[in-house]
Amino acid sequence: MITFTSVSKTYSDGTEALKSLNFHVKEGEFFVLIGPSGCGKTTTMKLINRLIEPTQGEIYFKGQEIHTYPIHELRWNIGYVLQRIALFPHMTVAENIAVVPEMRRWEKARIREQVDRLLERVGMDPVTYRHRKPAELSGGQQQRVGVARALAGDPDLILMDEPFSALDPISRERLQLDIQNLQREIRKTVVFVTHDMDEAMALGDRVCLMRKGRIIQLDTPQRLIQHPEDDFVRTFIGDRKMPWQTAIDVMVDANSPWIVMEGERKETDGPLFVRGERGEFLGCLENGILKKEVPVLPNHSPLHEALQIFRENGVERMPVVREDKLVGVLSYRSIVDYLERVERQKGMTR
Ligand SMILES: Nc1ncnc2c1ncn2[C@@H]1O[C@H](COP(=O)(O)OP(=O)(O)O)[C@@H](O)[C@H]1O
Ligand SMILES: [Mg+2]
């Protein structure tokens, strides 16, 4: 959906904001940019919809260099949500949301339908809110309207630059959940900027960690935790609360010695988990006997729930499944080790 090839940006005062950035955002992906203040996140976003121009390198949107698009077409096709949404104060909520559809000259009825549908999508009752002015909304509601507005022209891509950072923790958490559900539902490509690791881990399919205008590591949340590239990543990862941690974050993945393919033999002193041809979980093999009715952990089980399930079943290891697929193995020991390590890290950063 978006490709950066060796993109650098030096501002006119000589500030090197980006230094030869290379990355690719896949279609339908929730892509998170994270890093300390000043690392170049906002610069990256502004480059995508041509609010600023790169000093070097090319940026591609849907396979075409961004300068090959008429600028309006590019902007209409990219929704942008900012940290503090600037809604037009004299316009109603409905009018604010309808800005891009109006510019695209949609029919009135279609616009009205779109406005109501989006208000519902972002959790606001259209009848109650469509005629209100921005000043009659809370901060969280204004951000919701901002999200609806960014989606209104049916863009292929949505850029969100710290959209929740000005909100209180409760509105923030609620909006995070809503955005996550919304994105799953409509499967739009999202590039989301935050400096909050919890938010990044909760939302991102992949997380791109930046520092001083460079990419330090671009990986899935799970890989960032299990294989941090250096101390900077480790510190950044360690520096957070952890309510979102799930079985899949801590498990041994597909290469686990405890996994065998159907029909395969292996010498071990414990039960093995058997994977079928399509990756499906078939059961647990112990002393040559395949047991099908065994406890499994869904990949999204929070760690405290996983611990509970381990205790109830009195087992040492459990298969982690996503739908019917065997994606890895989690041991009781690894959860305990993990929690100890997090505690230690917390102690060090205090
Ligand atoms: N218009 C500008 N002129 C000069 N320097 C700028 C300008 N905008 C941003 N910068 C600098 O570029 C660097 C990256 O900024 P930015 O992309 O806003 O970072 P982030 O969003 O990650 O906090 C910072 O050092 C910032 O001070
Ligand atoms: Mg910024």
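Residues numbered from 1 in each chain as written. Chains lettered and ligands numbered in written order. Predicted model: local features only at pLDDT ≥ 70, side-chain atom pairs only at ≥ 80, totals over all residues. Heavy atoms only, no water.

Re the side chain of S301
Then, number 1: Within the element layout of this structure, S301 appears in the loop between β15 (297-298) and α13 (303-313).
Then, number 2: Within the local environment of S301, its side chain forms a polar contact with the backbone oxygen of P298, the two atoms lying 2.6 Å apart. (Helix = DSSP H or I, 4+ residues; strand = E, 2+ residues; numbered from the N terminus. Polar contact = N/O pair within 3.5 Å; in protein donor to acceptor, adjacent residues only side chain to side chain.)

Section: the site of ligand 1
Then, number 1: The immediate surroundings of ligand 1 are formed by Y11, D13, T15, A17, S37, G38, C39, G40, K41, T42 and T43.
Then, number 2: Within the backbone of C39, a nitrogen or oxygen atom sits 3.2 Å from an oxygen atom of ligand 1.
Then, number 3: Within the side chain of T42, an N or O atom sits 2.8 Å from an oxygen atom of ligand 1.
Then, number 4: In isolation ligand 1 offers 560 Å² of accessible surface; the protein chains occlude 62% of this area. (Near = heavy atom within 4 Å. Areas by Shrake-Rupley, 256 points an atom, 1.4 Å probe, with all protein chains shown as cover.)

Section: the UniProt feature "domain: ABC transporter" (unreviewed entry) in the chain
Then, number 1: This chain's UniProt record puts "domain: ABC transporter" (unreviewed entry) on residues 2-237.
Then, number 2: Annotated as residues 2-237, this span is 39% helix and 25% strand, and its ends, taken at the C-alpha atoms, are 26 Å apart. (UniProt positions renumbered as here; feature names shortened; annotations may be inferred.)

Quick notes on the sheet that holds strand β17 (residues 325-331)
Then, number 1: Read from one edge of the open sheet, three strands run β15-β16-β17, paired in mixed fashion. The outermost strands of the open sheet, each flanked by one partner alone, are β15 and β17.
Then, number 2: Sheet analysis places strand β16 (residues 317-322) next to β17, joined by six bridges and oriented antiparallel. In the sheet register, P319 faces β17, and the bridge partner there is V329. (Pairing = 2+ DSSP bridges.)

A word on the packing of aromatic side chains
Given two aromatic rings, one states the distance between the centres and the angle between the planes to describe the pair.
Then, number 1: A full pass over the atoms with the stated rule returns eight aromatic pairs.
Then, number 2: Taking the centre distance of 5.6 Å and the plane angle of 50 degrees together, the rings of F232 and F236 count as tilted. Taken as a pair, F232 and F236 lie in helix α11 (residues 231-238) at a separation of four residues, close to a single helical turn.
Then, number 3: Put simply, the rings of F4, F23 and F31 pair up and form one aromatic cluster.
Then, number 4: We note R211 situated over the ring of F232; from NZ or CZ to the ring centre the distance is 4.5 Å.
Then, number 5: Cation over ring: R317 sits above W258, and NZ or CZ is 3.5 Å from the ring centre. (Phe/Tyr/Trp six-rings, centres within 6.5 Å; stacked < 30°, edge-to-face > 60°. Lys NZ or Arg CZ within 6 Å of the ring centre and 35° of its normal.)

Regarding the domain arrangement of the chain
Then, number 1: Here the chain is described as being made up of domain 1 (2-243) and domain 2 (248-337).
Then, number 2: Centre-to-centre, using C-alpha coordinates, domain 1 lies 37 Å away from domain 2. (Domains from an automatic or database assignment.)

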